[in-house]
Protein chains: 2
Amino acid sequence: MTQSKSTNITWHEGTVSSDERHKNLNQKGVTLWMTGLSGSGKSTVAVALEQVLLQRGKHAYRLDGDNIRHGLNKNLGFSPEDRAENIRRIGEVSKLFADAGIITIASFISPYASDRDTVRKLHSDATIPYLEIFVDCSLEEAEKRDPKGLYKKARAGEIKGFTGIDAPYEAPQKPELHLRTDQFSIAESVQAILDLLDTHSLLSA
Amino acid sequence: MTQSKSTNITWHEGTVSSDERHKNLNQKGVTLWMTGLSGSGKSTVAVALEQVLLQRGKHAYRLDGDNIRHGLNKNLGFSPEDRAENIRRIGEVSKLFADAGIITIASFISPYASDRDTVRKLHSDATIPYLEIFVDCSLEEAEKRDPKGLYKKARAGEIKGFTGIDAPYEAPQKPELHLRTDQFSIAESVQAILDLLDTHSLLSA
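Residues numbered from 1 in each chain as written. Chains lettered and ligands numbered in written order. Predicted model: local features only at pLDDT ≥ 70, side-chain atom pairs only at ≥ 80, totals over all residues.

*Asks:* Teacher, can you tell me more about the overall build of chain A here?
*Replies:* Of regular secondary structure, chain A possesses eight helices and seven strands. Seen through its principal axes, chain A has C-alpha atoms that stretch 70 × 35 × 30 Å. (Helix = DSSP H or I, 4+ residues; strand = E, 2+ residues; numbered from the N terminus.)

So this is what it looks like as structure tokens:
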């Protein structure tokens, strides 16, 4: 311990451990990676989940297109290289948030299995929990919802390379959770994620 | 409020507000940007500060070369463009952490005023608190400390463009806090930062 005569400040050698951080927050950090088609319900479930976690005194934060594409990744376009770099950077930031003890909800279409595998590996290399959640509904249903009118534009040829229309969505083969948002309510989807967090003992220190 | 028959999960329209987040954490998010020469004491003060904040039940996280250069910014070199992009990305990530309600301690030499101004503007545009801390000691003292042996290498010409030797350090003109680590103890520096946070009412909701 080091102590100055003029203050009552003390600290120990070395940096704050994950255990100390988790005890402080009474939870463990994790990245919840929500992948699925546009319109599959990722954002809706993520927004509800974040609120419910906060109600329960947990600390969660959402990363999504709104706070990433106009900020950290505003210098990236939609070329194959830029799409991969987009997901890589989001993966690195998610890892930092999870390392900080936060329940990190990353909600991105992330259509390519190889990009998602990169993010999973970033976390496993650092032994930081990572759970992939496949937010699944039929293309027909997603297109019927079309909350942002993007499918309409893609069908009209106004948007090129749109996932599900003229670009592939590679469905996760072994997600930690498979949510069928065309069969279950939002509340049921949120409950399923809470159960997943509980199963992995992430909601306590 | 929306409620499913099968769960007791409820939530409100819209996303979690900053106020809700701050009440939950009993603090406000902020970026503490620590700038100064290599060896000025940025990391030492940052590590101690993080511990002391956690002891007091606050939620803090450090961003530094260790968790950024090998992760998010591993694809950046040391060209002028890459240096600017390095600081820009760190600024964006700091902003996200501060938005999440975390006391974010970013500790980087960040020698150029224009880069630091970019980061300050990112925060002010989003009305997220940002406090610049100039961690100051004489070049002579920093070079005497030389904790990583980098000044020795720079003097020997083994490292080019080293801040303070053959690259400039543009000292902040109006930092929110000016720490003289060659005149005050680490504990006194930590206390000064706690006082700064208190003055800005950041240690309560």
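*Asks:* Would you mind going over the sheet that holds strand S7 (residues 177-180) of chain B with me for this structure?
*Replies:* The pairing of strands in a sheet comes from backbone hydrogen bonds and takes either a parallel or an antiparallel form. Residues and elements named next belong to chain B. Strand order in the open sheet formed by five strands is S4-S5-S3-S6-S7, and the pairing between neighbours is parallel. The open sheet is flanked by strand S4 (60-64) and S7, the only strands paired with a single partner. The mean angle between the axes of side-by-side strands here comes to 20°, regardless of whether they run parallel or antiparallel. Pairing of strand S6 (residues 130-136) with S7 involves four bridges; the strand directions are parallel. The residue bridging valine 135 from the neighbouring strand is leucine 179, located in S7. (Pairing = 2+ DSSP bridges. Axes fitted to C-alpha atoms, helices over the stretch in contact; angles between N-to-C directions.)

*Asks:* Sorry, what's going on with the sheet that holds strand S6 (residues 130-136) of chain A here?
*Replies:* Residues and elements named next belong to chain A. Pairing in this open sheet of five strands is parallel, and the strands run S4-S5-S3-S6-S7 from one edge to the other. The sheet is open, and its two edges are formed by strand S4 (60-64) and strand S7 (177-180), each paired on a single side. When strand polarity is set aside, the average angle formed by the axes of neighbouring strands in this sheet is 20°. In this structure, strand S3 (residues 30-35) lies alongside strand S5 (residues 103-107), joined through five bridges in parallel fashion.

*Asks:* Can you walk me through the relation of the copies chain B and chain A in this structure?
*Replies:* Superposition of the two copies of the chain requires a rotation about an axis and a shift along the axis. When chain B is fitted to chain A, the best match, at an RMSD of 0.0 Å, comes from turning it 180° and sliding it 0.0 Å along the axis. The symmetry that links the two subunits is that of a two-fold axis. Here 100% of the interface residues in chain B have copies in chain A that are interface residues too; the copies meet face to matching face. (Least-squares fit on C-alpha atoms with pLDDT ≥ 70 in both. Contact = placed C-beta atoms within 7 Å.)

*Asks:* Is there a simple way to explain the interface of chain B and chain A in this structure?
*Replies:* Often, the extent of an interface is quoted as the loss of accessible area on bringing the components together. Counting from both sides, the interface comprises 38 residues of chain B and, opposite them, 38 residues of chain A. Secondary-structure elements contributing two or more residues to the side of chain B that touches chain A are strand S1 (2-3), helix H1 (18-25), helix H2 (42-55), helix H3 (65-72), helix H4 (80-99) and helix H8 (186-199) of chain B. Residue contributions to the side of chain B that touches chain A peak at six residues, all from H2 of chain B.

*Asks:* Explain the packing of helix H4 (residues 80-99) of chain A against H3 of chain B to me, please; I cannot follow it from the model alone.
*Replies:* Packed helices, taken two at a time, are described by their axes: the angle between them and the distance between them. Viewed as axis vectors pointing N to C, H4 of chain A and H3 of chain B meet at an angle of 155°, and their least axial separation amounts to 10 Å. One finds that H4 of chain A runs roughly antiparallel with respect to H3 of chain B. In this structure, the crossing between H4 of chain A and H3 of chain B has a hand that is right-handed. On H3 of chain B, the residues that touch Arg89, Glu92, Val93, Lys95 and Leu96 of chain A of H4 of chain A are Asn67, Gly71 and Leu72 of chain B. Grouping the amino acids of the contact of H4 of chain A with H3 of chain B by side-chain chemistry returns three nonpolar, two polar and three charged. (Parallel < 35°, antiparallel > 145°, perpendicular 65-115°, else oblique. Left-handed = near helix turned anticlockwise from the far one by under 90°. Nonpolar A, V, L, I, M, F, W, Y, C, P; charged D, E, K, R; others polar.)

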